[in-house]
Amino acid sequence: MSLYGFCHVTFPWLFKIWLRWEIAGTENIPKEGKVVLAANHISLLDPPTIGAACPRPVNFMAKAELFHNPVFAFIIRHLGVFPVRRGSADREAIKTGLGVLKRGGILAIFPEGKRSKTGVLEEAGGGAFMMAVKTKAVLIPAAIWGSDLKRHPGWPKVRILFGKPLEYDAAAGIGRENLEAVGEEWRRRVIELQRQIVPPEERERFEALTAAVEAAHQKRLQRLAERETKKRNPEQR
């Protein structure tokens, strides 16, 4: 048995006891074919818990800094993790991710690019969905809650919910406008999923923070739209 196979068998038992995890929506993940799982990101536990919850092997992108320790790098590489340099277009990482999808595998991504300190969904770049659109992969939105142990110390309860496939226009290509449209729909879907798994005692805080982030997000979109309008109509400046 491979290291991945061993972990995929043992981790669910560990997480059931330690994290009291609840998993739902696995029926939405196709049994075969290329799939991109796109989830919110709140903890270092997100990759192993999402990977263990998925009925099929999953490959993850992870920040290159995690690979500085050769022993740890050896382990996570054998668990389907490959490095990506943040803050730039890492062509090697993109090539690896595209290879996973072209072979009919599952690639998991965290479009926010970093962990949310509050648990609510932060800004996500549309470029994160390029590999899904380019390969016409099934795009599954996913939400996780409770894995950030600083806010959920002691005996946490982790919930993971896989949503139904997100529809997008693959024929529109990988231009910025289409990728941003995919990103906007993903944001909407993930927030909907989060609302289903956030416990009652945290719901008020979640809604308040989500509203604040969404207001800032809409202002940013408005500024971008105004800039585009000025570029297309210079006389309006």
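Up top is the structure these notes are about.
All of the points below concern the structure found in this document. In this text, all values refer to a predicted model and were calculated from it rather than measured experimentally.

For helix α4 (residues 91-102), spanning twelve residues, the distance from its first C-alpha to its last is 16 Å, which sits close to the expected 16 Å at 1.5 Å a residue. Within the sequence span of α4, burial applies to Ala93, Gly97, Leu98, Gly99, Val100 and Leu101. Those residues of α4 that are buried are in contact with β2 (35-39), β3 (58-63), β4 (81-84), β5 (106-109) and α5 (130-135).

The next subject is the state of the cysteines. Per the counting criterion, the structure on display carries zero disulfides. In this model Cys7 remains outside any disulfide bridge; the closest cysteine sulfur is found in Cys54, 15 Å from its own. The buried category is assigned to Cys7, whose relative accessible area is 10%.

Attention now goes to the pairing of strand β7 (residues 159-162). Here β7 shows two buried faces, one formed by Arg159 and Leu161 and the other by Ile160 and Phe162. Here three bridges tie strand β1 (residues 22-24) to β7, and the two strands are oriented parallel to one another. Paired with Glu22 across the two strands is Arg159, which belongs to β7.

This part takes up the pattern of salt bridges. Under the definition given, this model contains eleven salt bridges. For Arg220, the salt bridge goes to Glu123, with nearest N and O atoms at 3.3 Å. Within this pair, whereas Arg220 is found in helix α7 (residues 200-232), its partner Glu123 is found in the loop between β5 and α5, the two being separated by 97 residues in sequence. A relative accessible area of 29% means that Glu123 is categorised as partly exposed.

We now examine the sheet that holds β1. Overall, mixed pairing links the seven strands, which are arranged β1-β7-β6-β2-β5-β3-β4 in an open sheet. In this open sheet, the two edge strands, each paired with only one partner strand, are β1 and β4. On average, adjacent strands in this sheet sit at an angle of 25° to one another, irrespective of strand direction. Inspection of the sheet shows β2 paired to strand β6 (residues 138-145) by five bridges, in the parallel sense. When the bridges of β6 are listed, Val36 appears paired with Leu139. Across the sheet, helix α2 (residues 46-53) touches β1, β2, β3, β6 and β7, and the angle it forms with β7 is around 55°.

The next thing to look at is the pairing of β4. Where β3 lies against β4, four bridges are found, and the strand directions are parallel. Bridge assignment links Phe60 to a residue of β4, and that residue is Val81. Handedness of the crossover joining β3 and β4 through helix α3 (residues 70-77) is recorded here as right-handed.

A separate point is a nonpolar patch on the surface. A cluster of nonpolar side chains, contributed by Met1, Leu3, Phe6, Val9, Val71, Phe74 and Ile75, occupies part of the molecular surface with about 730 Å² of accessible area. The set of elements that each furnish at least two residues to the nonpolar patch consists of α1 (3-18) and α3. For Phe6, the position within the fold is in helix α1.

Rules behind the numbers
Residues numbered from 1 in each chain as written. Predicted model: local features only at pLDDT ≥ 70, side-chain atom pairs only at ≥ 80, totals over all residues. Heavy atoms only, no water. Helix = DSSP H or I, 4+ residues; strand = E, 2+ residues; numbered from the N terminus. Expected span 1.5 Å × (residues − 1). Buried < 20%, exposed > 50% of the residue type's maximum accessible area, 1.4 Å probe, protein only. Contact = heavy atoms within 4.5 Å. Disulfide = S-S within 2.5 Å. Pairing = 2+ DSSP bridges. Salt bridge = Lys/Arg side-chain N within 4 Å of Asp/Glu carboxyl O. Axes fitted to C-alpha atoms, helices over the stretch in contact; angles between N-to-C directions. Right-handed = clockwise from strand over helix to strand, strands pointing away. Patch = residues over 30% accessible without salt bridge, like charges linked within 9 Å, V, L, I, M, F, W, Y side chains within 5 Å. Areas by Shrake-Rupley, 256 points an atom, 1.4 Å probe, with all protein chains shown as cover.

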